[in-house]
Amino acid sequence: MIKANNPELKSWLKVKNDSDFPIQNIPFGIIKPSGLSSRVATRIGDYAIDLSAMSEFGYFDEMGMGYKDMLAFRSCKLNDFIALGKPVMRKIRDRISEVFDYNSNLLRHDDAQMSQVIYPIQQVEMKMPVDIGDYTDFYSSKEHARNVGIMFRDPDKALLPNWTHMPVGYHGRSSSIVVSGTDIPRPQGQTKPDDGGPIFGPSKQVDFELEMAFVLGKETELGDSIPTENAEDYIFGMVLFNDLSARDIQKWEYVPLGPFLGKNFGSVISPWIITLDALEPFRTKGPVQDIPVLPYLSFHGNKNFDIKLDVFIQPMGKKAHRLCQSNTKYLYWNMCQQIAHHTVNGCNFKVGDMCASGTISGPSKDTFGSMLELSWKGTKPLPLPDGSERKFIEDNDTIIMHAYAENDQIRIGFGECKTKILAVKK
Ligand code: CA
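Residues numbered from 1 in each chain as written. Predicted model: local features only at pLDDT ≥ 70, side-chain atom pairs only at ≥ 80, totals over all residues. Heavy atoms only, no water.

Caption draft 1: Fine view of the overall build of the chain. When helices and strands are counted, the chain shows 10 helices and 26 strands. For the chain, the spread of C-alpha atoms along the principal axes amounts to about 70 × 55 × 40 Å. Put simply, 72% of the contacts in the chain that link residues at least 6 apart link residues at least 24 apart. Each charge class in the chain was averaged separately, 48 positive and 53 negative side chains, and the resulting centres sit 4 Å apart. (Helix = DSSP H or I, 4+ residues; strand = E, 2+ residues; numbered from the N terminus. Contact = heavy atoms within 4.5 Å. Lys, Arg positive; Asp, Glu negative; His and termini not counted. Charge placed at Lys NZ, Arg CZ, Asp CG, Glu CD.)

What follows is the structure, given as structure tokens:
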């Protein structure tokens, strides 16, 4: 229970400079306080803010929302809340900023209300924020596509001919996308050693893929196409995304229809959805697209975001060790182009659909976003501080991803995307 005289709240939710969640962030997620149902929340510093409780106390009464709209705050997934639309979302964000402003007296001296609205983050369980309908994974980092092409095909023709003309992607599976903190058993499947026929057993090459994903905030009808200039209207926000991959299964199965069992055993997202409004100060140019694109993929302005990305590995009982540092700005194809391409044939989007970027690798070796690239297909094992080494992920290794954008004034973060690879489930 939070009280106004709680020393932790002495300076009214004082947020540390290196916090991912200053008052300017206002992400959205689903929390489950103990003994209560799941509900819509935001986060400020180390506190979760229960928006369903705030709505019941009347803090959102002036938003012009009807009774049915207000029910969205009490839902156990964000889909209905997201469907309220960006104009409503902006009013809600503004209202939260107002209530939690340092000089605000709206909530801070009301112990009874505070105890129902504010929870130390350790006291709530983070749940899957959204019911993901359809999930698409792109392949939008040129460095990653080139590295994979060199390793598996031909160094002279590393990029396939279509790659520079369209944001290549595939339809993945949403049932196995889980929230950070969910552990995933090692997959089993068919693999084929170079010197023999196919065998069955646990994957020996479980890998992470460092990706970002966006959540669709607005639906379209069959036949609709979204132009690049409107595409951001359809993005509710972004999360970190770990597209776990079993390289040995993937290598044997992927021809000719692409990824299947090597990918769908589990992917992990960070629990807070960060809005594009919060990321606005971090817009940047993407890589130059020197091969001209067809008109439907052309765009104006800065459509990439400068978001720093870190991946750590933590063997059981050991300290976490950083494996790589990358950045979302390296993505060759931006989200607007991905959306324009995805819908150019009339494919419809629904609220809560998710699109992941593809592994985000940068130009130098320490920016590669997968073990496959970092250990160069297992030929250059990575030394860890405890004296062991890794080619791929071993049982009981935890993979932790962080993402944040920062400038001189502010830091906007995504928190953590964390999962432990367990032994094969018997
Ligand atoms: Ca991927």
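Caption draft 2: Structural detail: the environment of A423. Secondary-structure assignment places A423 in the segment after β26 (411-422). Between the alpha carbons of A423 and C76 there is a distance of 31 Å; along the sequence they are 347 residues apart. Once residues within four sequence positions are removed from consideration, A423 is found in contact with P185, R186 and D395.

Caption draft 3: Representation of unusual backbone geometry within the structure. At the junction of V255 and P256, the peptide bond is cis and its omega measures out at 0° in the coordinates. As for its position among the elements, P256 is in the loop between α7 (247-253) and β16 (267-269). Look at W376: it is not a glycine, yet its phi comes out positive at around 45°. Along the chain, W376 falls in the loop between α10 (371-374) and β23 (382-383).

Caption draft 4: Seen up close, the sheet that holds β26. The mixed open sheet is built from five strands, whose spatial order is β9-β26-β25-β20-β21. Two strands in the sheet have a free side with no partner beyond their single neighbour: β9 (184-185) and β21 (321-327). Relative to β26, strand β25 (residues 398-406) is paired through eight bridges, and the arrangement is antiparallel. Counterpart to I399 in the pairing with β26 is T419. (Pairing = 2+ DSSP bridges.)

Caption draft 5: Just the coordination of the calcium ion, in detail. Around the calcium ion, the protein supplies D137 (OD), E209 (OE), E211 (OE) and D243 (OD) as donor atoms, at distances of 2.2 to 2.3 Å. Counting gaps between the donor residues of the calcium ion yields the pattern D-x71-E-x1-E-x31-D. In this pair, E209 is assigned in the loop between β12 (206-207) and β13 (210-216) and D243 in strand β14 (residues 235-243), connecting sequence segments 34 residues apart. A single burial state applies to E209 and to D243, both of which are buried. (Donors = N, O, S within 2.8 Å, 3.2 Å for Na, K, Ca; no water. Buried < 20%, exposed > 50% of the residue type's maximum accessible area, 1.4 Å probe, protein only.)

Caption draft 6: Structural view of the side chain of S375. Within the secondary structure, S375 sits in the loop between α10 and β23. Classification of S375 by relative accessible area gives buried; the value is 0%. Residues in contact with S375, not counting those within four places in the same chain, are K380, L382, R390 and K391.

Caption draft 7: Representation of empty space enclosed by the protein in the model. A full pass over the atoms with the stated rule returns two cavities of 30 Å³ or more. As for the largest cavity, its lining consists of 16 residues, and the residues nearest its centre are M238, T328, L331, M335 and Q338. When residues of the lining of the largest cavity are traced back to their parent elements, those giving at least two are β13, β19 (304-305), α9 (335-343) and β22 (354-356). Examining the composition of the lining of the largest cavity, we find that three residues originate from one element, β13, more than from any other. Among the residues making up the lining of the largest cavity, the classes are represented as 10 nonpolar, five polar and one charged. Put simply, the second largest cavity is a space of about 60 Å³. Residue lining of the second largest cavity: K86, M89, R90, R93, F236, T275, L276 and D277, and that is the complete set. Looking at the lining of the second largest cavity, the elements with two or more residues in it are α4 (86-99) and α8 (276-279). For the lining of the second largest cavity, the class distribution of residues is three nonpolar, one polar and four charged. (1 Å grid on protein atoms, 1.4 Å probe; cavity = no way out; pocket = protein on both sides within 12 Å on 5 of 7 lines; lining within 4 Å. Points joined across faces, edges and corners; volume = space filled by probe spheres on them. Nonpolar A, V, L, I, M, F, W, Y, C, P; charged D, E, K, R; others polar.)

Caption draft 8: Structural detail: the sheet that holds strand β4 (residues 118-120). Strand order in the open sheet formed by five strands is β4-β3-β2-β1-β5, with antiparallel pairing between adjacent strands. At either end of the open sheet lies a strand with only one pairing partner, and these are β4 and β5 (124-127). The mean angle between the axes of side-by-side strands here comes to 45°, regardless of whether they run parallel or antiparallel. Relative to β5, strand β1 (residues 29-33) runs antiparallel, the two sharing four bridges. Residue pairing in the sheet places I30 in a bridge with K127 of β5. (Axes fitted to C-alpha atoms, helices over the stretch in contact; angles between N-to-C directions.)

Caption draft 9: Just helix α6 (residues 142-152), in detail. Most of α6 is tucked away, with eight of its 11 residues classed as buried. Those residues of α6 that sit buried are K142, E143, H144, A145, N147, V148, G149 and M151. Residues of α6 that are buried in the fold lie against α10.

Caption draft 10: Up close: the pattern of salt bridges. The full count for this structure, using the stated rule, is 22 salt bridges. Residue E98 pairs with R95 through a salt bridge whose shortest N-O separation is 3.1 Å. A residue pair is termed a helical-turn pair when its members lie 3 or 4 positions apart in one helix, as E98 and R95 do in helix α4 at three residues. E98 gets classed as partly exposed once you look at its relative accessible area, which sits at 43%. Relative accessible area serves as the criterion here: at 17%, R95 is assigned to the buried category. D395 serves as the salt-bridge partner of R186, at 2.6 Å between the closest nitrogen and oxygen. Here R186, found in the loop between β9 and β10 (188-191), pairs with D395, found in the loop between β24 (389-390) and β25; they are 209 residues apart in sequence, far enough to count as distant. Connected via shared salt-bridge partners are D207, E209, D243, R247 and K263. (Salt bridge = Lys/Arg side-chain N within 4 Å of Asp/Glu carboxyl O.)

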